[in-house]
Amino acid sequence: MKNVQRRKPYTAFFDLGEAPVAAPTVTLFHEWGDQVGGTLTSTLDSGNIYKVDLTSSHTESSGVLKLKWSYMVGSSVRTQNSFINIYTPYIDDLTFFDRHPETETEWGDRFAELELKTRNIINTYCGQEFDIKINKTLSLDGNGSKTLFLPVRIDSVASVMASASSIGGTSSTDVTDYVEIHPESHFFLRSKAGQQFSEDATFSICGNWGWGYVPQNVTDAADYIIVDLMNDDSAYRQHGVTKARVDTHELTFSDSIFGSTGNIDADVLLMDYTLYFLTMI
């Protein structure tokens, strides 16, 4: 899967493996299910390889974007899918190499690779991504409480619709003006006037989900981890080694090997952004 930075134009190539009657049309779908933009027409690149140009509006939301290629071979309709991953870097190359100019000559060509690896380390450690999905809708059942837990952080709310089933079908009510993001946590909506999120209703919440910016602590943590990856400074810690003995090659391993990014300074910076979920056993 190709990785594409948010809001960057991108040309996607796809080998159909067979010759179509005409150039395929391409429909884009975000991983949350909505169609992104209208239908696009691809152009021939070479052989059976076709290409389609995506604009910055197509790559506005982070997450996996599915490209559905539709075409005909003879009288048969065919479809194939390709996928790209849209993301925001946690630290860009200009910022990093301004801080560490001595590393640019050796690592400049591999920076994007190291940054992506670092990004995945931070996401796993924190239990969340510091990216944003624009104008997406998530539907949640009411819980009979004055607050509604959101499984994903919400950055801003565009609309909230409450749907309830009745004898005559399903009725929807716009309750946007009656709810707000909880001031203490962007993982909750709360009722402004004390009403409950009825258990008999489903709430469709449209908004921007995630983080509208990369927190400075996340950027600084990414800086630490990338430097370690460049210098192999975290080689032992990445494997949970807490003590090494050269003579006898004795190694002592930590019981919490997955509880660290591999850099203690990065761990401290990320503590306030780490999610913990309680489960019942």
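### Brief notes about the overall build of the protein
- Secondary structure assignment for the protein yields six helices and 17 strands.
- Counting every position in the protein, which comprises 281 residues, the buried fraction comes to 38%.
- Sequence-distant contacts, at least 24 apart, represent 69% of the contacts inside the protein between residues at least 6 apart.
- In the form shown here, the protein has an accessible surface area of approximately 16200 Å², with 50% of it arising from carbon and sulfur atoms.

### Focus: helix α3 (residues 111–126)
- The end-to-end C-alpha separation of α3 is 22 Å, in line with the 22 Å expected for 16 residues at 1.5 Å each.
- What α3 keeps buried is the set F111, L114, E115, L116, T118, R119, I122, N123, Y125 and C126.
- The inward-facing, buried residues of α3 contact β1 (2–5), β8 (76–87), α1 (93–99), α2 (104–107), α4 (216–231) and α6 (264–270).

### Describing α4
- Over its 16 residues, α4 runs 23 Å from end to end, which matches the ideal 22 Å to within 8%, given 1.5 Å per residue.
- Within the sequence span of α4, burial applies to V218, T219, A221, A222, D223, I225, I226, D228, L229 and M230.
- The first or second residue beyond α4 is D232, which carries a positive phi of 60°.

### Considerations on the sheet that holds strand β6 (residues 49–54)
- With respect to topology, three strands assemble into an open sheet ordered β2-β6-β5, the strand pairing being antiparallel. Here the strands that pair on one side only, and so sit at the sheet edges, are β2 (10–15) and β5 (43–46). The average undirected angle you get between the axes of adjacent strands in this sheet is 35°.
- Relative to β6, β5 runs antiparallel, the two being bridged by three bridges. Residue L44 lies in a different strand from β6, and its bridge partner there is Y50.

### Comments concerning the sheet that holds β1
- What the five strands build is an open sheet, ordered β1-β8-β7-β3-β4; its pairing is mixed. Of all the strands in the sheet, the pair left with one neighbour each is β1 and β4 (40–41).
- Where strand β3 (residues 25–30) lies against β4, two bridges are found, and the strand directions are antiparallel. Counted as the bridge partner of V26 is L40 from β4.

### Observations regarding a nonpolar patch on the surface
- Where nonpolar side chains cluster on the molecular surface, the patch consists of V21, M72 and V77 and spans about 300 Å² of accessible area.
- Within the secondary structure, M72 sits in strand β7 (residues 63–73).
- Overall, the relative accessible area of 37% leaves M72 in the partly exposed class.

### What about the pattern of salt bridges?
- This structure, assessed with the given rule, holds nine salt bridges.
- The shortest N-O distance in the salt bridge between D223 and R99 comes to 3.2 Å. Here D223 is found in helix α4, whereas its partner R99 is found in helix α1, with 124 residues between them in sequence.
- Of the residues examined, D223 reaches a relative accessible area of 7% and is grouped as buried.
- Shared partners join several salt bridges into a network, and the residues in it are R99, D220 and D223.

### Some remarks on the nonpolar core
- F96, I122, C126, F130, I226, M230 and L270 are the most contacted members of the largest nonpolar core, which has 23 residues in total.
- Sorting the residues of this core by element identifies α1, α3, α4 and α6 as the ones contributing at least two each.
- At seven residues, the largest contribution of residues to this core is made by α4.
- Each residue touching F130, except ones within four places of it in the same chain, is listed here: Y90, I122, N123, W211, V214, P215, V218 and Y273.
- Of all hydrophobic cores here, the second largest spans 17 residues; its members include V36, Y50, L65 and I86.

### Quick notes on the environment of Y273
- Residue placement: Y273 occurs in the segment after α6.
- The contact partners of Y273, leaving out residues within four places of it in the chain, are C126, Q128, F130, W211, P215 and N217.

### Some details on the packing of aromatic side chains
- On inspection of all chains with the given rule, the structure shows 12 aromatic pairs.
- Measuring from ring centre to ring centre gives 5.6 Å for W211 and Y213, while their planes differ by 85°; the resulting arrangement is edge-to-face.
- W211 gets classed as buried once you look at its relative accessible area, which sits at 9%.
- Each member of the aromatic cluster is reached from another via a ring pair, and the members are Y90, F130, W211, Y213 and Y273.
- Of note, R153 hangs over the ring of W211, and the distance from its end group to the ring centre comes to 3.7 Å.

What counts and how
Residues numbered from 1 in each chain as written. Predicted model: local features only at pLDDT ≥ 70, side-chain atom pairs only at ≥ 80, totals over all residues. Heavy atoms only, no water. Helix = DSSP H or I, 4+ residues; strand = E, 2+ residues; numbered from the N terminus. Buried < 20%, exposed > 50% of the residue type's maximum accessible area, 1.4 Å probe, protein only. Contact = heavy atoms within 4.5 Å. Areas by Shrake-Rupley, 256 points an atom, 1.4 Å probe, with all protein chains shown as cover. Expected span 1.5 Å × (residues − 1). Pairing = 2+ DSSP bridges. Axes fitted to C-alpha atoms, helices over the stretch in contact; angles between N-to-C directions. Patch = residues over 30% accessible without salt bridge, like charges linked within 9 Å, V, L, I, M, F, W, Y side chains within 5 Å. Salt bridge = Lys/Arg side-chain N within 4 Å of Asp/Glu carboxyl O. Core = buried A, V, L, I, M, F, W, Y, C linked by side-chain atoms within 4.5 Å. Phe/Tyr/Trp six-rings, centres within 6.5 Å; stacked < 30°, edge-to-face > 60°. Lys NZ or Arg CZ within 6 Å of the ring centre and 35° of its normal.

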